[in-house]
Amino acid sequence: MSYSPSAAATAAASAGAPSSMDVTYRKIAWRLIPFLVFLFVLAWIDRVNVGFAKLQMLQDLQFSEAVYGLGAGIFFIGYFLFEVPSNLLLEKIGARKTLARITILWGLASMAMAYVTTPTSFYILRFLLGIFEAGFFPGVVLYLTYWFPAQRRARVNGLFMTSFAIAGAVGGPIAGLIMSSMEGVGHLANWQWLFIIEGIPSLLAGFAVLAWLPEKPANAKWLSEAEKNAVTQVLAAENSAPGKHFSFKDACSNYRVWICAAVYFCVVSGNATIAFWAPSIIKEIGVKGNLQIGLISAIPFVAGTLAMIWNGFHSDKTGERRMHSAIATLIACIGLIATGMSLGNATLALCSLTLAAVGILAAFPVFWSIPGAFLAGTAAAGGIALINSIGNLAGFVAPYMIGALKTSTGSLSSGLYFVAALEFLASFLVVVFVRKH
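Residues numbered from 1 in each chain as written. Predicted model: local features only at pLDDT ≥ 70, side-chain atom pairs only at ≥ 80, totals over all residues. Heavy atoms only, no water.

- The name recorded for the protein chain in an unreviewed UniProt entry is D-galactonate transporter, from Herbaspirillum frisingense.
- Checking UniProt for the protein chain, the heading Subcellular location (unreviewed entry) contains the comment "Membrane". (UniProt positions renumbered as here; feature names shortened; annotations may be inferred.)

Here you go:
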């Protein structure tokens, strides 16, 4: 969606020619994005490390695949219930306090996972982890709208969302190393050490948030007054453009919000699949040893990182959103089907899983540039959280369905086909219902 800058924004743009604004936005990106990526890497690792713990945890605790699938997915029920309130609270009290609170609490919950003994305690702690992490991702997406205008947002989202892929690339080998070297240390199992060791950095990072993140451009001591004014005025002009929705009620009554939520549900189903089941898929195709599984599981995420960055930059360069998103989810669909069909061939299955990861991860940054085209203010805070919370219910549905289907059929293939169908649905919804921008 385009907008006409106000006189103030035009004056700001003239005063600091395009090259000056590019320098300013690069400065902002270098200051904020690496730290936000670091935080989300910690969050993602603490969210999905249960996929690696599963390799030994299920045997130690005598849990079934269905118990694991329910426990892995119930995280997203807590996430769903508390995400919109968290983002609306962020709009009122600010990003620093909100993100610090979230990071500290999820670190504590992750460490407590080491002391799970029954399915009930497993479900409760995963549910609490979802409650505590609720609001982090949509909070960051909202926070970035305080700094970057719409035409720069896909690439910025892409840079931030490399955290998905980076977490998968570094989380797998780290988890494999912990699982292969810590068994029996201090009378704890390797999966218990995994939760403890990976929870501590999140606890410490929560306090770092208060020292590092400014609330908005006006609070950034590392920007000059001219830079603060230019950025603030450009954003003010964009948010006052006709057609923007500002209240949470506006967001809830806008059909495009619900279409976006449905699309995101489908996209997240694929992301949850590769996050929670990649170690099991890699084990099923014949890879032995926790460290080896961890190292190989990084391959799809490395490829996904590159695809995510490229797709975000190319979408911003061309100004096109729909096909960049739809083609990505179609690639994910093809990759998941191919993975299910090739589980008997290790090389082909790994290539197919990598293709699926490329499509899934490439869809994220472009998708998140779409809601910002028609939402602003409280509507953006609530609408983004609403889309994310409903979409993330797929994080419950996909792991549970895959676990249930594997328990009933003895194979992962049927679950992968189920998720592939959702990725195809995402492509269909985007092409048919999302407006061209």
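1. A closer look at the pattern of salt bridges
Should their charged atoms come close, side chains of opposite charge can pair.
Item 1. Applying the stated criterion across every chain, the model contains eight salt bridges.
Item 2. Here arginine 155 makes a salt bridge to aspartate 316, at a shortest N to O gap of 3.0 Å. One end of the pair, arginine 155, is in helix H8 (residues 153-181); the other, aspartate 316, is in helix H13 (residues 290-318), and 161 residues separate them in sequence.
Item 3. In this structure, aspartate 316 and arginine 321 form a salt bridge, with 2.9 Å as the shortest nitrogen-oxygen distance.
Item 4. Under the relative-accessibility criterion, aspartate 316 is labelled buried at 10%.
Item 5. One connected set of salt bridges, linked through shared partners, spans Lys54, Glu65 and Lys406. (Salt bridge = Lys/Arg side-chain N within 4 Å of Asp/Glu carboxyl O. Helix = DSSP H or I, 4+ residues; strand = E, 2+ residues; numbered from the N terminus. Buried < 20%, exposed > 50% of the residue type's maximum accessible area, 1.4 Å probe, protein only.)

2. Notes on the packing of aromatic side chains
Item 1. As enumerated under the stated definition, the model contains 22 aromatic pairs in all.
Item 2. A centroid spacing of 5.3 Å and a plane angle of 80 degrees characterise the contact between tryptophan 106 and phenylalanine 136, whose relative ring orientation is edge-to-face. Within this pair, whereas tryptophan 106 is found in helix H5 (residues 95-112), its partner phenylalanine 136 is found in helix H7 (residues 136-145), the two being separated by 30 residues in sequence.
Item 3. Here phenylalanine 136 falls in the buried class, since its relative accessible area comes to 0%.
Item 4. Judged by centre distance (6.0 Å) and plane angle (25 degrees), the ring pair of phenylalanine 137 and phenylalanine 160 falls under stacked. Of this pair, phenylalanine 137 sits in helix H7 while phenylalanine 160 sits in helix H8, and the two are 23 residues apart along the sequence.
Item 5. Taking the relative accessible area as the measure of exposure, phenylalanine 160 reaches 0% and is therefore buried.
Item 6. Site record: aromatic cluster; members linked through ring pairs are Phe40, Trp44, Trp106, Phe136, Phe137, Phe160, Tyr264, Phe364, Phe367 and Trp368.
Item 7. Residue placement shows lysine 54 over the ring face of tyrosine 68; its charged tip is 5.3 Å from the ring centre. (Phe/Tyr/Trp six-rings, centres within 6.5 Å; stacked < 30°, edge-to-face > 60°. Lys NZ or Arg CZ within 6 Å of the ring centre and 35° of its normal.)

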